[in-house]
Amino acid sequence: MDMERIFHTPEGVRDICQEECRQKLLIQKKIRRIFHLYGFQDIETPTFEFFEVFSREVGTTPSKELYKFFDREGNTLVLRPDFTPSIARCAVSCFPLNMEPVRLCYAGNTFVNNSSFQGRMKEATQMGAERIGDSSSDADAEMLAMVVNCLLETGLRDFQISVGEVNFFKALLEDAKKDDEMERKLRELISNKNNFGVEELIRGQNLPKELENAFFQLPYLFGDAEILKKAKKLTSNQRAIRAIHRLEEIYEILKCYGYENYVTFDLGMLSKYRYYTGIIFQAYTYGTGEPIVKGGRYDNLLEHFGKAAAASGFGISIDQLMLALSRQNIPVTVPEEEEIILSYTIENRRDAIVQAVNLRREGKRVILKKLGEEGI
Ligand SMILES: N[C@@H](Cc1c[nH]c[nH+]1)C(=O)O
């Protein structure tokens with residue numbers, strides 16, 4: 001046995017204690033309150049599920065990054081890498097989904113077996129909200145407004161949500177009539193912001209001039225709302241234009257919330273999750289290179305679990321958010337709770353315990369201390 005191991009946690013997981021733990025819980029409490037203010041109800045799903053819930057067709061984390069294990073019956077189980085498929089599965093089995101939209105929110109940990117050299121944690125805390133049965137742009141806009149509201153509530157001020165629409169890229173691809181391999185390559189190049197690579201790949205494809213140019217421009221199509229006008233001029237593809245209109249509409253609705261300045265657009269934004277079918281977004285701030293929020297619309301995912309329903313949602317990475325707050329010196333002030341220390345000896349033990357019981361009943365925090373036994 002390697003005794004050294006008893007003192008450590010494995011790579012990619014860690015302890016959270018003392019002030020950090022109190023602050024983390026306070027942040028979660030604030031966010032949960034905002035979720036509730038928008039009418040979302042809490043839901044809990046299991047930490048592990050059948051492998052099928054996260055299989056390739058679902059379009060979530062790749063299989064090699066899943067923590068897999070077996071139960072006694074020989075089923076393959078997986079520690080959830082992503083809440084969204086679990087919530088989709090649960091929504092289908094627990095809610096009627098044919099009436100009013102269902103608004104669900106959750107908090108918990110996700111587990112991704114990524115390679116450790118990236119320095120990323122393998123266990124991460126997420127709080128998220130999923131809105132099921134609503135395909136409107138009003139729903140998209142309200143989800144974005146909620147993100148802004150949640151982040152402001154934690155004390156963060158300097159952040160941006162970058163919003164894309166997967167149909168823009170998909171429409172161009174459709175026009176190009178290229179195979180999955182080309183899509184895979186392009187996605188990789190665009191995600192890595194390898195603009196020369198994109199140009200090189202596209203040049204070899206003999207595409208019509210308009211389409212070729214649209215692909216060339218794709219990695220540069222990010223910025224404020226002006227970028228949408230520019231994007232619209234690049235293509236005559238109706239699906240691509242509808243995607244832009246959708247973003248314009250969302251932007252108009254966000255103005256009603258007064259939150260439009262927190263939003264920018266990025267039509268080259270792609271996600272490694274393939275379940276997205278409409279807007280996708282990521283929120284960024286100083287102090288962490290990773291997004292603090294990720295989300296989007298996934299109208300085909302629920303069908304995979306047995307009932308078709310439109311849906312959109314997001315997850316806030318609590319760990320990244322905490323890191324950003326701390327690096328930006330934004331105080332997370334946990335209210336001090338008064339603590340009453342009651343010392344006793346064998347002689348007055350009964351009185352002390354009765355007093356502690358009564359004080360706790362009144363909601364006071366009491367530390368009982370037997371004198372002469374402080375040390376271990
Ligand atoms: N589950 C996604 C975020 C999301 C929630 N709903 C839709 N998207 C993620 O972890 O990136």
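Residues numbered from 1 in each chain as written. Predicted model: local features only at pLDDT ≥ 70, side-chain atom pairs only at ≥ 80, totals over all residues. Heavy atoms only, no water.

**Overview of the overall build of the protein chain**
Then, in step 1: Helices and strands together make up the secondary structure of the protein chain, namely 12 helices and 14 strands.
Then, in step 2: Projected onto its principal axes, the C-alpha positions of the protein chain cover 95 × 55 × 45 Å.
Then, in step 3: Looking at the protein chain as a whole, 48% of its 376 residues are labelled buried.
Then, in step 4: Across the protein chain, contacts joining residues at least 24 apart in sequence account for 69% of those joining residues at least 6 apart.
Then, in step 5: About 20400 Å² of surface is accessible on the protein chain, with carbon and sulfur atoms providing 49% of the total.
Then, in step 6: Of the side chains in the protein chain, 50 bear a positive and 56 a negative charge, and the two mean positions are spaced by 0 Å. (Helix = DSSP H or I, 4+ residues; strand = E, 2+ residues; numbered from the N terminus. Buried < 20%, exposed > 50% of the residue type's maximum accessible area, 1.4 Å probe, protein only. Contact = heavy atoms within 4.5 Å. Areas by Shrake-Rupley, 256 points an atom, 1.4 Å probe, with all protein chains shown as cover. Lys, Arg positive; Asp, Glu negative; His and termini not counted. Charge placed at Lys NZ, Arg CZ, Asp CG, Glu CD.)

**Concerning the site of the ligand**
Then, in step 1: Around the ligand, a shell composed of 14 residues is seen, among which Asp-82, Thr-84, Gln-126, Glu-130 and Tyr-276 lie nearest.
Then, in step 2: Within the side chain of Gln-126, a nitrogen or oxygen atom sits 3.1 Å from an oxygen atom of the ligand.
Then, in step 3: With respect to the ligand, the backbone of Phe-314 contributes an N or O atom lying 3.3 Å from a nitrogen atom.
Then, in step 4: Compared with its free state, where it exposes 300 Å², the ligand has 98% of that area covered by protein.
Then, in step 5: Of all elements in the fold, only strand E6 (123-132), strand E11 (293-297) and strand E12 (311-317) reach the threshold of two or more residues within the shell around the ligand.
Then, in step 6: Class assignment of the residues belonging to the shell around the ligand gives a composition of 5 nonpolar, 6 polar and 3 charged. (Near = heavy atom within 4 Å. Polar contact = N/O pair within 3.5 Å; in protein donor to acceptor, adjacent residues only side chain to side chain. Nonpolar A, V, L, I, M, F, W, Y, C, P; charged D, E, K, R; others polar.)

**Remarks on the side chain of Gln-282**
Then, in step 1: Following the sequence through the fold, Gln-282 ends up in strand E10 (residues 279-285).
Then, in step 2: Since its relative accessible area comes to 16%, Gln-282 is described here as buried.
Then, in step 3: At a separation of 2.5 Å, a polar atom in the side chain of Gln-282 contacts the side chain of Tyr-284.
Then, in step 4: If we ignore the near neighbours within four places in the chain, the residues touching Gln-282 are Gln-160, Ile-161, Ser-162, Met-269, Pro-291, Val-293 and Lys-294.

**Here's the deal with unusual backbone geometry**
Then, in step 1: With a phi close to 55 degrees, Lys-193 is a non-glycine residue in the positive phi region.
Then, in step 2: Mapped onto the fold, Lys-193 is located in the loop between helix H5 (180-191) and helix H6 (195-203).
Then, in step 3: Lys-193 sits in the partly exposed class, given a relative accessible area of 47%.
Then, in step 4: Phi is positive for Asn-206, which is not a glycine, with a value near 60 degrees.
Then, in step 5: Along the chain, Asn-206 falls in the loop between H6 and helix H7 (209-217).
Then, in step 6: A residue is classified by how much of its surface remains accessible, and Asn-206, at 75% relative accessible area, is exposed.

**Here we look at the UniProt feature "binding site: L-histidine" (unreviewed entry) in the protein chain**
Then, in step 1: Taken from the UniProt record, the annotation "binding site: L-histidine" (unreviewed entry) applies to Asp-82, Phe-83, Thr-84, Gln-126, Glu-130, Tyr-275 and Tyr-276.
Then, in step 2: Relative to the helices and strands, Thr-84 is located in helix H2 (residues 83-94).
Then, in step 3: When neighbours within four sequence positions are excluded, Thr-84 is seen to be in contact with Tyr-106, Glu-130, Tyr-275, Tyr-298 and Leu-301.
Then, in step 4: If you trace the backbone, Glu-130 turns up in strand E6.
Then, in step 5: Apart from the residues within four sequence positions on either side, Glu-130 is in contact with Phe-40, Thr-84, Ile-87, Val-102, Arg-103, Leu-104, Tyr-106, Met-143, Tyr-298, Ser-312, Gly-313 and Phe-314. (UniProt positions renumbered as here; feature names shortened; annotations may be inferred.)

**Looking at the pairing of strand E7 (residues 159-165)**
Then, in step 1: Within E7, 6 of the 7 residues are buried, leaving the element largely enclosed by the surrounding structure.
Then, in step 2: With 7 bridges connecting them, E7 and E10 associate as antiparallel partners. Note that in E10 the partner of Ile-161 across the bridge is Ala-283.
Then, in step 3: Bridge count between E7 and strand E9 (residues 263-266): 3 bridges; the pairing is parallel. The partner of Ile-161 across the bridge, within E9, is Val-263. (Pairing = 2+ DSSP bridges.)

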